[in-house]
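# Descriptive structure summary
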Amino acid sequence: MADLPEPTVLASDYFHGYAVVGMLAVIGVLFVAVAFGAGRLLRPVVPTPEKLLTYECGVDPVGEGWAHTQVRYYVYAFLYVIFAVDSIFLFPWATVFAAPGYGATTLVEMFIFLGFLAVGLLYAWKKGVLEWT
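Thresholds applied
- Residues numbered from 1 in each chain as written.
- Predicted model: local features only at pLDDT ≥ 70, side-chain atom pairs only at ≥ 80, totals over all residues.
- Heavy atoms only, no water.
- Helix = DSSP H or I, 4+ residues; strand = E, 2+ residues; numbered from the N terminus.
- Buried < 20%, exposed > 50% of the residue type's maximum accessible area, 1.4 Å probe, protein only.
- Contact = heavy atoms within 4.5 Å.
- Areas by Shrake-Rupley, 256 points an atom, 1.4 Å probe, with all protein chains shown as cover.
- Axes fitted to C-alpha atoms, helices over the stretch in contact; angles between N-to-C directions.
- Parallel < 35°, antiparallel > 145°, perpendicular 65-115°, else oblique.
- Expected span 1.5 Å × (residues − 1).
- pLDDT = per-residue confidence, 0-100.

Looking only at helices and strands, the chain has four helices and zero strands in total. Relative to its full complement of 133 residues, the chain shows a buried share of 5%. In the chain, the share of contacts with a sequence separation of at least 24, taken over all contacts with a separation of at least 6, comes to 61%. Surface exposure of the chain reaches about 12,300 Å², of which carbon and sulfur atoms provide 73%.

Between helix α2 (residues 71–88) and helix α3 (residues 90–98), the least distance of the axes is 4 Å, while the angle of their chain directions is 20°. Relative to α3, the element α2 lies roughly parallel. Along the contact surface, α2 presents D86, S87 and I88, while α3 presents L90, F91 and P92.

Over its 24 residues, helix α4 (residues 103–126) runs 34 Å from end to end, which matches the ideal 34 Å to within 8%, given 1.5 Å per residue. Listed as buried for α4 are T106, M110, L117 and A124. The secondary structure elements touched by the buried residues of α4 are α2 and α3. G128 sits one or two positions beyond α4 and adopts a positive phi of about 80°.

Right, let's talk about the confidence of the model for the chain for a bit. Mean pLDDT for the chain: 78, with 79% of residues reaching 70 or above. Highest mean pLDDT in the chain belongs to helix α1 (residues 11–42) (90); lowest belongs to α3 (73).

This is the structure we're talking about:
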């Protein structure tokens, strides 16, 4: 029976990489803790009624803090974010489409992707989300 070769990688070499990452994490946490501690020690603490007021774009707040906001505005923002993030995928697709040998496959995949986007837009339109009132 042949002898098995000795492992060339020792456990100390193996964990050395993890030790470096751990030390960087500890140094990062200490750096943040020291920065926050120094800020707490060096800042002046003089609470006045003006400082404790809610600040709204330089205008003194008047009335209640509760305001009625249309949810529709958030839906528009959410739809914009969805389609903006999805459109980011068009740029890598264009570079892959230009590579030789990937033309037909990437073209079919992109039409499937655009189909999903169209179904989402159609769904939002049918639900009346895109009506601005």
